[in-house]
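Next come the chains, spelled out residue by residue.
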Amino acid sequence: DAKTTQPTSMDCAEGRAANLPCNHSTISGNEYVYWYRQIHSQGPQYIIHGLKNNETNEMASLIITEDRKSSTLILPHATLRDTAVYYCIVRVAEETGNQFYFGTGTSLTVIP
Amino acid sequence: NAGVTQTPKFQVLKTGQSMTLQCAQDMNHEYMSWYRQDPGMGLRLIHYSVGAGITDQGEVPNGYNVSRSTTEDFPLRLLSAAPSQTSVYFCASSYWGEQYFGPGTRLTVT
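The structure contained in this document is the topic of the report that follows. (Residues numbered from 1 in each chain as written. Chains lettered and ligands numbered in written order. Predicted model: local features only at pLDDT ≥ 70, side-chain atom pairs only at ≥ 80, totals over all residues. Heavy atoms only, no water.)

1. Side note on the overall build of chain B
Looking only at helices and strands, chain B features zero helices and eleven strands. Walking chain B from its N terminus toward its C terminus, one meets helices and strands in the order β-β-β-β-β-β-β-β-β-β-β. Taken against the 2.2 N^0.38 rule, which gives 13 Å for 110 residues, the C-alpha radius of gyration of chain B at 13 Å falls within 12% of a compact globule. Dimensions of chain B, computed from the C-alpha atoms along their principal axes, are close to 35 × 25 × 20 Å. For chain B, with 110 residues in total, the buried portion stands at 47%. (Helix = DSSP H or I, 4+ residues; strand = E, 2+ residues; numbered from the N terminus. Rg over C-alpha atoms; globule rule 2.2 N^0.38 Å. Buried < 20%, exposed > 50% of the residue type's maximum accessible area, 1.4 Å probe, protein only.)

2. Observations concerning the interface of chain A and chain B
In this assembly, 21 residues from chain A lie in contact with 22 residues from chain B. Both sides of the chain A and chain B interface together cover about 1,700 Å² of buried area, and 54% of this is carbon and sulfur. Viewed at the interface, chain B and chain A are joined by zero salt bridges. One can count three residue pairs in polar contact (both at pLDDT 80 or more) joining chain A with chain B. Grouping the constituent residues of the side of chain A that touches chain B by class yields nine nonpolar, ten polar and two charged. (Contact = heavy atoms within 4.5 Å. Buried area = accessible area lost by both parts, 1.4 Å probe. Salt bridge = Lys/Arg side-chain N within 4 Å of Asp/Glu carboxyl O. Polar contact = N/O pair within 3.5 Å; in protein donor to acceptor, adjacent residues only side chain to side chain. Nonpolar A, V, L, I, M, F, W, Y, C, P; charged D, E, K, R; others polar.)

3. Digging into the state of the cysteines
A complete count under the given rule lists two disulfides over all chains for this structure. Here Cys22(A) is linked by a disulfide to Cys88(A), with a sulfur-sulfur distance of 2.1 Å. Because the sign of the S-S torsion sets the handedness, a value of about -80 degrees for the bond joining Cys22(A) and Cys88(A) places this disulfide among the left-handed ones. Of the two residues, Cys22(A) is situated in strand S2 (residues 18-23) and Cys88(A) in strand S8 (residues 84-90); the sequence distance between them amounts to 66 residues. Here Cys22(A) and Cys88(A) have matching classes, each one buried. Residue Cys23(B) pairs covalently with Cys91(B) via a disulfide, S to S 1.8 Å. For the disulfide bridge between Cys23(B) and Cys91(B), the dihedral angle about the S-S bond is near -70 degrees, and by the sign convention the bridge is left-handed. Pair noted here: Cys23(B) is in strand S3 (residues 19-25) and Cys91(B) is in strand S9 (residues 87-94), with a separation of 68 residues, a long-range link. In terms of burial, Cys23(B) and Cys91(B) fall into one category: buried. (Disulfide = S-S within 2.5 Å.)

4. Some thoughts on the nonpolar core
All names here are of chain A. Among the nonpolar cores identified, the biggest contains 21 residues, and Trp35, Leu73, Tyr86 and Leu108 are the most heavily contacted of them. Broken down by secondary-structure element, the contributors of at least two residues to this core are S2, strand S3 (33-38), strand S4 (45-50), strand S6 (61-64), strand S7 (70-75), S8 and strand S11 (106-111). Sort the elements by how many residues they give to this core and S8 lands first, with four residues. Sequence-distant contacts of leucine 73, defined by excluding residues within four places in its chain, comprise Ala18, Asn19, Leu20, Trp35, Ile47, Ile48, Ala60, Ser61 and Tyr86. (Core = buried A, V, L, I, M, F, W, Y, C linked by side-chain atoms within 4.5 Å.)

5. Details of the pattern of salt bridges
Pairs can form between side chains of opposite charge whenever their charged atoms are close. Residue and element names in this part refer to chain B. Counted by the stated rule, this structure contains three salt bridges over all chains. Where arginine 36 meets aspartate 38, a salt bridge forms, and the shortest distance between an N and an O atom there is 2.9 Å. When its relative accessible area of 8% is taken as the criterion, arginine 36 is described as buried. A salt bridge links aspartate 38 to arginine 44, with the shortest nitrogen-to-oxygen separation between them at 2.6 Å. Salt bridges here are not isolated pairs; linked through shared partners, they connect Arg36, Asp38 and Arg44.

If you want it as structure tokens, here you go:
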């Protein structure tokens with residue numbers, strides 16, 4: 001199974017872009033990169049996912065390198081409500097289902 | 001839609017007791033899963049199901065049983081509670097990729 005490596009913690013000034021990196025050097029060609037976040041003790045919340053191309057939605061942008069060994073989640077204008085733990089997950093597709101393996105994530109603190 | 005609901009929100013058990021954590025979803029999702037999250041840690045997959053009648057083990061299945069008799073419900077049963085099972089339990093459902101999580105059940109085993 002492809003694993004991910006993320007920094008333990010990051011700070012970002014309010015209103016600035018937050019760039020969260022993720023390494024997934026053993027990713028397979030048919031595995032997607034997913035990003036979730038968890039605010040305080042709530043259930044994780046889906047942010048975005050991608051396979052090869054860069055993706056953008058109303059919450060964030062996802063930049064995947066050409067060799068797919070790493071990616072970056074970008075929150076364009078961070079607010080205090082974006083303070084959370086962010087998880088980068090590589091989705092493993094198996095015959096009997098699609099399993100998600102969460103690591104420890106990056107704790108992002110947005111500073112006023 | 002209520003999304004994914006979990007009951008109870010909080011539970012205290014004594015060592016050796018058994019109980020069932022309930023999870024239900026109203027989105028007609030085939031895929032459901034249970035995770036546990038220990039303090040300061042990420043989520044770890046306990047069991048999952050790809051449809052009614054089909055379940056499989058995740059990373060940390062020992063001490064837990066699951067069943068999936070309907071698409072909507074996916075209960076998690078603790079057979080004989082141990083202090084090591086003190087954790088927050090999250091249920092999730094998805095159709096394919098994006099998972100929807102419930103609010104969690106905070107379980108303490110004394």
